[in-house]
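Structural overview for review
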Amino acid sequence: MRKNSKNLLVSLLMMLFTLAAFSQNVVTGKVTDSKDGTPVKGVSVTVKGTKISTQTETDGSFKITVPAGATSLLFSSIGFVLQEVAVNGNLNIRMVQEVSKLDEVVVIGYGTSRKKDLTGAVTSISSKEFQKGVITTPEQLIAGKVAGVSITSNGGAPGAGSTIRIRGGASLSASNDPLIVIDGVPLDNGGIAGSANALALINPNDIESFNILKDASATAIYGSRASNGVILITTKKGKKGKLVFNFNTQLSAAGISRKADVLSASEFRNFVNANGDPAQKALMGAASTDWQDEIYQTAIGNDNNLSVAGGVAGIPFRASLGFLNQNGILRTGNLQRTSLGINLSPKFFDDHLKVDINVKGANNKSTFANEGAIGAAVNFDPTQSVNSNATKFGGYYEWLDAGNTNSGLRQLAPRNPVGLLKQRDDKSNVNRIIANVQLDYKIHWFPELRANLNLGIDKAKGTGTIVIDDSAASTYKRDVDVNDVRKSGVNNKYKQEKSNAVLEAYLNYVKFVKAIATKVDVMAGYSYQDFYYNNYAYADYFYDGSKRKNSDPQFPSDKPQNRLISFYGRLNLDIHNKYLVTASLRRDGSSRFSKENRWGVFPSAAVAWKMKEEKLFKNINVISDLKLRAGFGVTGQQDGIGNYDYISYYALGDNAAQYQFGSTFYNIYRPGGYYSNRKWEQTETTNVGLDFGFFNDRISGSVDYYFKKTKDLLNNIGQPAGNNFSNQIVANVGNMENQGIEVLLNTQPVKNKNITWDFGVNFTYNKNEITNLTAVTDPNYPGNKFGGISGGTGNTILINSVGYNRGAFYAYKQIYDAAGKPIDGLFEDMNRDGIINDKDLYRYKGVDPKFIFGVNTNVAFNNWNAGFVMRANVGQYMFNNINSSTGTSRNILNPLGYLANGSSDILNSGIGGFATDYFLSDYYIQNASFLKMDNINVGYNFGKVFNQKASLRVSANVQNVFVITKYKGVDPEINGGIDNNFYPRPRTFVLGLNLDF
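Before going further, it helps to spend a moment on the overall build of the protein chain. Along its length, the protein chain carries eleven helices and 59 strands. When burial is assessed residue by residue, the protein chain has 51% of its 997 residues classed as buried. Restricting to contacts in the protein chain with at least 6 residues of sequence separation, those with at least 24 account for 69%.

Here the focus is the pattern of salt bridges. A complete count under the given rule lists 35 salt bridges for this structure. When the shortest N-O distance is used, the salt bridge between D426 and R424 registers 3.3 Å. By relative accessible area, which is 9% here, D426 ends up buried. Overall, R424 belongs to the partly exposed group, its relative accessible area being 26%. For E448, the salt bridge identified is with K511, shortest N-O distance 3.5 Å. Of this pair, E448 sits in the loop between β23 (424-442) and β24 (449-468) while K511 sits in strand β27 (residues 490-513); the two residues are 63 residues apart in sequence, bridging distant segments of the chain. Accessibility expressed as a relative area gives 25% for E448, which makes it partly exposed. Three or more residues joined by partner-sharing salt bridges are found here, namely R871, K932, D934, D971, E973 and R985.

Quick look at the sheet that holds strand β5 (residues 72-76) now. Adjacent strands of a sheet form backbone hydrogen bonds with each other and so pair up, either parallel or antiparallel. Spatial ordering of the open sheet is given by β3-β2-β5-β6, a layout of four strands whose pairing is antiparallel. Edge positions in the sheet fall to β3 (53-55) and β6 (83-86), since each of these pairs with one other strand and no more. Within the sheet, the average angular offset between the axes of one strand and its neighbour, ignoring direction, is 25°.

Within the structure shown, the criterion is met by 29 aromatic pairs. Between F130 and F210 the ring centres are 5.6 Å apart and the planes differ by 80°, which places this aromatic pair in the edge-to-face class. Of the two residues, F130 sits in the loop between β10 (122-126) and β11 (149-153) while F210 sits in strand β15 (residues 207-213), which places them 80 residues apart along the sequence. Of the two residues examined, F130 and F210, each falls in the buried class. Centroid distance F245 to F997: 5.4 Å. Interplanar angle 5°. Geometry classified as stacked. Note that F245 is positioned in strand β17 (residues 244-256) and F997 in the segment after β59 (986-996), a separation of 752 residues in sequence. Take F245: its relative accessible area is 31%, and that puts it in the partly exposed class.

Another aspect to go through is unusual backbone geometry. One non-glycine residue with positive phi stands out, namely R832, at about 55°. Among the secondary structure elements, R832 is positioned in the loop between β48 (822-827) and β49 (842-846). Looking at R832, the relative accessible area reads 59%, which means it is exposed. Residue F946 is not a glycine yet carries a positive backbone phi of 55°. With a relative accessible area of 56%, F946 lands in the exposed category.

This part covers the environment of F245. Between the C-alpha atoms of F245 and L995, which are 750 residues apart in sequence, the distance is 8.1 Å. Non-local contacts of F245, meaning those with residues more than four positions away in its chain, are made with S307, V308, L995, D996 and F997.

Taken together, the side chains of K240, K347, K354 and K442 present a region of like positive charge at the surface. Topologically, K354 is positioned in strand β22 (residues 353-367).

Pairing analysis gives twelve bridges linking strand β18 (residues 299-312) to strand β19 (residues 315-327), with the strands arranged antiparallel. Note that in β19 the partner of V308 across the bridge is A319. What sits between the antiparallel neighbours β18 and β19 is a turn of two residues, in which A313 has the positive phi angle 55°. Both β19 and strand β20 (residues 334-344) contribute to a ladder of eleven bridges, which runs antiparallel. The partner of A319 across the bridge, within β20, is I342. From the end of β19 to the start of β20, which pair antiparallel, there are six residues, and T332 there has a positive phi angle of about 80°.

Here we take up the nonpolar core. With 35 residues, the main nonpolar core has F268, I295, L330, W399 and I892 as its most contacted residues. Mapped by element, the contributors of at least two residues to this core are α3 (265-275), α5 (291-295), α6 (372-379), α7 (417-422) and β54 (898-899). It is α6 that contributes the most residues to this core, four residues altogether. Non-local contacts of I295, meaning those with residues more than four positions away in its chain, are made with I329, L330, R331, A373, I374, A377, P417, V418 and L421. Core analysis: the next-biggest nonpolar cluster, separate from the first, contains 24 residues, F130, V149, I166 and I207 among them.

One open sheet holds the five strands; their spatial order is β10-β15-β16-β13-β14, and the pairing between them is mixed. The open sheet has two edge strands, β10 and β14 (185-186), and neither has a second partner. Relative to strand β16 (residues 230-235), strand β13 (residues 179-182) runs parallel, the two sharing four bridges. Across the sheet, the residue bridging to I180 is I231, located in β16.

Of the positions making up α3, those classed as buried are A265, F268, F271 and V272. Projected down its long axis, α3 carries its buried residues within an arc of 125°, all on one side. Relative to its buried face, α3 has exposed residues pointing more than 90 degrees away, namely N270 and A274. If you follow the buried residues of α3, they end up packed against α4 (278-282), α10 (889-892), β53 (893-894), β54 and α11 (906-909).

Following the sequence through the fold, Q682 ends up in strand β38 (residues 681-694). For Q682, the residues in contact, after removing those within four places along its chain, are V601, F602, V634, T635, K709, T710 and K711.

Across the eight residues that make up α6, a large majority, six, are buried. Three or more residues of α6 are buried, namely A373, I374, A376, A377, V378 and N379. On its buried face, α6 sits against α5, α7, α9 (881-886) and α10.

To continue, consider a nonpolar patch on the surface. A surface patch of nonpolar side chains, amounting to about 720 Å² of accessible area, comprises L243, F245, L306, V312, L321, L340, I342, L344 and F997. Those elements that place two or more of their residues in the nonpolar patch are β18 and β20. At three residues, β20 tops the list of elements feeding residues into the nonpolar patch. Note that I342 resides in strand β20.

One can find G155 in the loop between β11 and β12 (162-166). In this structure, the C-alpha to C-alpha distance between G155 and E973, residues 818 residues apart in sequence, is 9.3 Å.

Here we take up the side chain of E973. By the element assignment, E973 lies in the loop between β57 (950-965) and β58 (978-979). With sequence-adjacent residues up to four places away left out, E973 is seen in contact with I151, T152, R871, Q876, M878, F930, K932, F982 and R985.

Across twelve bridges, strand β39 (residues 699-711) lies against strand β42 (residues 735-751) in antiparallel orientation. Bridging from a neighbouring strand, F707 pairs with Q739 of β42. Counted between consecutive antiparallel strands, the loop separating β42 from strand β43 (residues 755-772) contains three residues.

So, about the environment of I565. Tracing the chain through its elements places I565 in strand β30 (residues 561-575). For the pair I565 and G589, spaced 24 residues apart in sequence, the C-alpha separation works out to 5.2 Å. Once residues lying within four places of it in the same chain are set aside, the contact partners of I565 are Y526, S527, Y528, R587, D588, G589 and W599.

Glancing now at the confidence of the model for the protein chain. In this model, the protein chain carries an average pLDDT of 87, and 88% of its residues clear a pLDDT of 70 or more. Considering only residues more than four positions removed or in separate chains, one finds that residues 542-557, a stretch of pLDDT under 50, has 42 contacts.

Parameters at a glance
Residues numbered from 1 in each chain as written. Predicted model: local features only at pLDDT ≥ 70, side-chain atom pairs only at ≥ 80, totals over all residues. Heavy atoms only, no water. Helix = DSSP H or I, 4+ residues; strand = E, 2+ residues; numbered from the N terminus. Buried < 20%, exposed > 50% of the residue type's maximum accessible area, 1.4 Å probe, protein only. Contact = heavy atoms within 4.5 Å. Salt bridge = Lys/Arg side-chain N within 4 Å of Asp/Glu carboxyl O. Pairing = 2+ DSSP bridges. Axes fitted to C-alpha atoms, helices over the stretch in contact; angles between N-to-C directions. Phe/Tyr/Trp six-rings, centres within 6.5 Å; stacked < 30°, edge-to-face > 60°. Patch = residues over 30% accessible without salt bridge, like charges linked within 9 Å, V, L, I, M, F, W, Y side chains within 5 Å. Areas by Shrake-Rupley, 256 points an atom, 1.4 Å probe, with all protein chains shown as cover. Lys, Arg positive; Asp, Glu negative; His and termini not counted. Charge placed at Lys NZ, Arg CZ, Asp CG, Glu CD. Core = buried A, V, L, I, M, F, W, Y, C linked by side-chain atoms within 4.5 Å. Arc of directions from axis to C-beta. pLDDT = per-residue confidence, 0-100.

Dropping the structure here:
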C-alpha cells in the first residue's frame, strides 16, 4: 500500500512539473535603438515581479522563459527609458534614449571627463549623429552638426576633403587648420603627394566619435598647435563577448547638380552673327556641342566595409576591412581606397594595466582627372565638334593658326576639353599607417595615481606619374619662328615620404578629499614629436619627338625634419560638486625657431558653476541642467613656416633655375630668405558660456561668447631689394581680433513607445577685424593683396587691411545706367582726382560668412527612421571669375583670331572687356549667402533574417539635395571666395545595406 502511495505521489509531482512546464512561455525578440534602428547590447530583460532576467546579445536578440501568470517584461539599460511590455511570443522592442547626457564620458586632451564636469567649450558627436551617405573623408561626418565649426568640401573630386574652420581661424598667412588627434596621435596638418587630402586615407566607417575643443581653456593643453581648435577622433573599439560580424555596403550614383551658365550653341551663333565681322563669322562650325555634357558623367561608386568585434581569449578586439571605389563626375577621375583597422584592448593585473593598441592602414590608388577641362568646357566654341578629320592632336579638334594647315596652333586658344581629359594619365599610389600603443597603469600600492605612456607613428608614402602624350595639343611648344612648332610630351614622376613619431607620457593623480568635499585631479606630462618628410622628383621629357629615357632623381640636400618638445600640466578641482576649477600650463619648444625664441609658454584657466546644484534651482524639476562657464587661455602657432627659415640656408634649385655649362644644364644650390627674430604667433581667447537643460533634458543646449586676439601674426611681408635672399619673408607682424556667439539647441519634441523625434539647431556669429599689419604704423599702406584671378596678368581681388575684415574684396565701384545695367568701363572716382587708377580701389564685403546655421532632425517610427541635415551661410560674398573672364565680347570674339564661348551674363551686361581693369569691377562680386539641404535619409529595420541568424537594415539617402541662393555661379560655397575652374559638387543618390550576424 505504501509503495502504491509513493508511486502515486511521484506521478502527481511529475504531472505538476509537466503542467508547470507547459504553463511557462518562452519569449524571444530583439531590442534596437529607436533613433536609428541599430541593435542595443546588454539591455536587462526582467520578468516583472520576479528575479528572472537575461540580457540582450550583441545583435540585440534575447530569449527568456516566462512563468505562468506573468504578464509583462521590463527592459532597462543605462541611457535609455525604462519600458514595460506585455508578454508575447516574439517582441521587437525599440528603446528610447534618455536625452540627458550629463554623465556621458567625453574625451578631452590627455584624458576624459564627464560632460557635466567640463569647464571649456567642448562638443561631442557620436556615430549615431553622423551625416549619412557616401562619406569619403572623416570630417564630412559632422558637417552642419557643431556650432562654431565650418566644414566646406574642397570640391566634388573623389577624396577632395574639406576646409575646416573652428571659430573662423586665428591667422592670416599661417595655417588656420585645427589640430586633429586620432586615438591619441596628433597628426601633421600637411598633405601627402598623390592624395587630394590626407584625411582621405582614413576610413570614416571606423570612427566612433568626434570631440571638438573650441576655446583656449580646452585647447591650451595642446599649446603650440591649438590656436585653431582641436578635433579629437576616437575610433571604434572591441568589447568582450561573442564575435559579432557587421557588413555594410553602399551603392551610389552621382551626377552634376548645376552646370556653369554659358551660351548654348544657338545663343553663341546669334551673338557672333550679331556682333562679329565676316572673318569671325566664318570661324564658326556646324556642330552643336555642349562641352560640359562631354566632360561630365554619371559616376557610379560603391563602399564596402566588413568588421568583426568581440573577445578572444578574454581580449577585446575589433578588426575591419574596407574598400571604396568612387568615380568622379569629371570623366577619367577615380579613387580606390583599401583600408584595414585593428584594435586590441586587453587588461592585466586585475585590470590595473589597460593596454590599447590601434593600427589603421590605408592604400589609395587615384586617377586624377585634368581639372583644366572644367574651364576649357566653359570657354570652348560650342559650334565645333569633339573630333576632327585631322590625325594630329589625337584626332581631337583644336584651333589652328591661320595660314598654317600643318601643325600650327593658336597658343592662347582654349584646348579641347575632351582631349585634356583623355590625353592625360595622372595616377598615384599612396600608403599610410597610423598606429599607437597606449599603456595606462593604475599603480597597485597607490591606486589614486595612474601612469600613461603613448607611443605612436603616422607614416605615409606617395608616388605618382603624370604622362601626357606628345600628340596632345596641351604639350605643343612654339619657337620664335611662327611656323616652328615643337612637340614636348610629359612623363613626370614623383615620390614623397613623411613620418610623424610621437612619444607622450603623463602621470594623473585623482583624490577625493572629504574634509573639504573636493575632488582633486592633477596631471603632468611630457611630449616629444618628430616630423620628417622627403621629396623626390624626376622627369622624362619629349623633345622634338625623342624621349630622354634616363634622368636622375633630384634629392634634397638637407634632412627636412622638425621637432616639438613639450612639458605640460593640468589641475582640476570639483568643490562640493558645485564649483569647478581648471588650470593648465604647457611649455613648447620648436626647432623651427632660433634658440632665443624657441620656447613658448601657453597657460589657461577656467571656472564653472553648477547652478543646478544650488538650493534655488535643485528642486525646480523643470530645470535639469544649468551651468555657467568662463575661461581664458593662450595658444600658439608655428605652422606655415619653413624648418630653417631663421638661418641662411641653401637648397637645390628647380628646373626653372638651371645654369648651362657646355651642352649640359645643371641645377644649382641657392640661398633662401631668412628671418632670425621670428617667434611664436599667439592667440589669447576669452570664453563665457552657459549650458542648460529643461524637462529632463528634452530641451538642452549651450550659449557661448568668445573673444580671440592674435598677436605677433606670422605674416608675409615684402623685403627691400638686396636686403634678403627673397623678396618676401614670414615675420611676426600684425594683430587680429575675432569674436562671436555660438548657440546649440537640441530638443526631443516627441518621445514615446512608437515615435521618437529629435530636432537640433546650431547658430554661429563670427566677426574678425585686422588691427595691425605693419611693424611701424603706416597710414599709406593699403594692405596685403592676395587672391589671384583670371584676367590680365598677376591681378588679385582680395586684400587684408587694418580696420577691415580678413579677405575683403578690393575692387572698383561700378557705375550703372538708369535701367540698372553696368556702364562698360565706367567706375567711380573714389578720391575725386579725375583719374581712375588703383587709388580708386575700395574694400567691399568679404569672403567669410557672418552667420552660420545648421539644422538636423531624425524621426523614428516603429521600424522606420528618416531625417535630414540642412545648413545656411549668411553674409559671405563671392567673386564670379567665370563671368569676369569669359562674359565679355572680347573673350568670345577674340582678336587673336579664334572664337571662345562665355558666360551668358554677356547677354545682360553687354561688357566688351576692352576697358582697362574691367575685371576688377565690383559688378562681379555677388552675394553668396545660401541655404543648402545637405542630406535627406530614410531607413528601415527588417529585424531578424536568415533563420534568425542575422539582422538587416536598409537605407536610402540623397546628398547635396538643393541649394537656394542669389549667387549666379555654379556654387556659392567655395573656399577663398573666388569662383573659377571649380570642380562641381555632385548630387548623389545612395542605397545602403547593413547586416549584423
